[in-house]
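Descriptive analysis of the structure
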There are 2 protein chains.
Amino acid sequence: MTTVKATNVTWHEGSVSRQEREQLLNQKGVTVWMTGLSASGKSTIACILEQMLLHRKKHAYRLDGDNIRMGLNKNLAFSAEDRAENIRRIGEVAKLFTDAGVIAITSFISPYKKDRDAVRANMKPGEFVEVYVKVSLEAAEKRDPKGLYKKARAGQIKGFTGIDDPYEAPENPEMVIDTETMQPHEAAAQILAYLEKGGYLAA
Amino acid sequence: MTTVKATNVTWHEGSVSRQEREQLLNQKGVTVWMTGLSASGKSTIACILEQMLLHRKKHAYRLDGDNIRMGLNKNLAFSAEDRAENIRRIGEVAKLFTDAGVIAITSFISPYKKDRDAVRANMKPGEFVEVYVKVSLEAAEKRDPKGLYKKARAGQIKGFTGIDDPYEAPENPEMVIDTETMQPHEAAAQILAYLEKGGYLAA
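Keep in mind that what you see is a predicted model, and the values were worked out from it rather than measured.

The next point concerns the relation of the copies chain A and chain B. Applying a rotation about an axis and a shift along it to one chain copy brings it onto the other copy. Of the transformation superimposing chain A on chain B, the axial component is 0.0 Å and the angular component is 180°, with the fit at an RMSD of 0.0 Å. Classification of the inter-copy transformation places it as that of a two-fold axis. Considering only C-alpha atoms, the residue of chain A closest to the rotation axis is A:Val93, which sits at 3.5 Å. Comparing interface residues between copies, 98% of those in chain A also lie at the interface in chain B; the contact surface is shared.

If you want it as structure tokens, here you go:
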């Protein structure tokens, strides 16, 4: 271990600690993991939560299909193995952002309990906040903003969650948001309140 | 597009922009990609740079073997294909951190020009700052802090960069740091100066 002095500050070998990053940002690193059927409202809520956090001067970053499927996970398809690897990699990236002190918000269907539980097990207690964005299949199918349920029903998409592939609801999520009875901005406000109460919005 | 009003703030569908994140942090997202032989000094310089950035109240995060090899890339081995995939994934994660507005510092040998150039091509101009941490093989082998060169020479490690696997030096890196003539804190200060001059330390 060597230390050197430059401009009155001592630089040492070894990392900046997570705590130092969190103090800089005045927040705690955490992963808000949203899970739910397609059209449940995950992305809408995630976007509003992100805005609310920015408004509170908190540093959040969303991981979603747009920035993951075309990038890190572009070499994965939809086999059972690839789906598991998809969630595993997202979990690892969320863990890195959490370690960086960022509030990572993920919005993926993430239908399998086993895959989500593996992400949770890979993080420290309190770092993984699972938010079940709940909607009935009927309501989701009625919304169908991208026409995906229609295509799945017509057999044009195979292995679609809720139609010909299962969605395994979380058994003990930190939060349940029922989007048939709650508006997106109310849902986001509720998650924000959870983060505030849990001490995540201060270092 | 729906907008809702809550507590005098309008929340809209759609993301927080990168610019908004950068303004919050008062910095610009960028990837400082350090490449060089084992024992060239990459990690030491990266750690000091990270401290200097924290001292300037800038949010940086290091990606290195410790947090990548045991996590995101733990299912990769050392075949040519896996080495390329290793760097590809690191590049994708660095891109996400850059998009998040963070100063990502990577310290991996990343010996192949093709792999590094693919990471660069995947980012926008100015987002990828390649720092060639230069050292002669002789000097690196003399340092050998982990005894890896010794093991490679003894044939106990196969495909070791510089011994029985090539290191392809960058042709046009943004910076060259010769660690045979420059101390780690001087090298870090030089990278910091580059970032400052390039406008990365303000939004």
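Here the focus is the side chain of A:Thr106. Residue and element names in this part refer to chain A. As for its position among the elements, threonine 106 is in strand β5 (residues 103–107). On the accessibility criterion, threonine 106 (0% relative accessible area) is buried. Those residues within four positions of threonine 106 in sequence are excluded, and the remaining contacts are Thr31, Val32, Trp33, Met34, Leu63, Ile90 and Ala94.

It is worth spelling out the interface of chain A and chain B at this point. Across the boundary between the two partners, chain A contributes 47 residues, which contact 46 residues of chain B. Three residues, A:Trp11, A:Gln51 and A:Leu96, lead the burial of chain A against chain B; their summed loss comes to 16% of the area buried on that side. The interface formed by chain A and chain B contains four salt bridges. A salt bridge links A:Glu85 to B:Arg89, with the shortest nitrogen-to-oxygen separation between them at 3.8 Å. In this assembly, chain A and chain B are joined by 18 residue pairs in polar contact (both at pLDDT 80 or more). Elements that contribute at least two residues to the side of chain A that touches chain B include exactly β1 (3–6), β2 (9–12), α1 (18–25), α2 (42–55), β4 (60–64), α3 (65–72) and α4 (80–99) of chain A. Of the residues assigned to the side of chain A that touches chain B, the class counts are 21 nonpolar, twelve polar and 14 charged.

Rules used throughout
Residues numbered from 1 in each chain as written. Chains lettered and ligands numbered in written order. Predicted model: local features only at pLDDT ≥ 70, side-chain atom pairs only at ≥ 80, totals over all residues. Heavy atoms only, no water. Least-squares fit on C-alpha atoms with pLDDT ≥ 70 in both. Contact = heavy atoms within 4.5 Å. Helix = DSSP H or I, 4+ residues; strand = E, 2+ residues; numbered from the N terminus. Buried < 20%, exposed > 50% of the residue type's maximum accessible area, 1.4 Å probe, protein only. Buried area = accessible area lost by both parts, 1.4 Å probe. Salt bridge = Lys/Arg side-chain N within 4 Å of Asp/Glu carboxyl O. Polar contact = N/O pair within 3.5 Å; in protein donor to acceptor, adjacent residues only side chain to side chain. Nonpolar A, V, L, I, M, F, W, Y, C, P; charged D, E, K, R; others polar.

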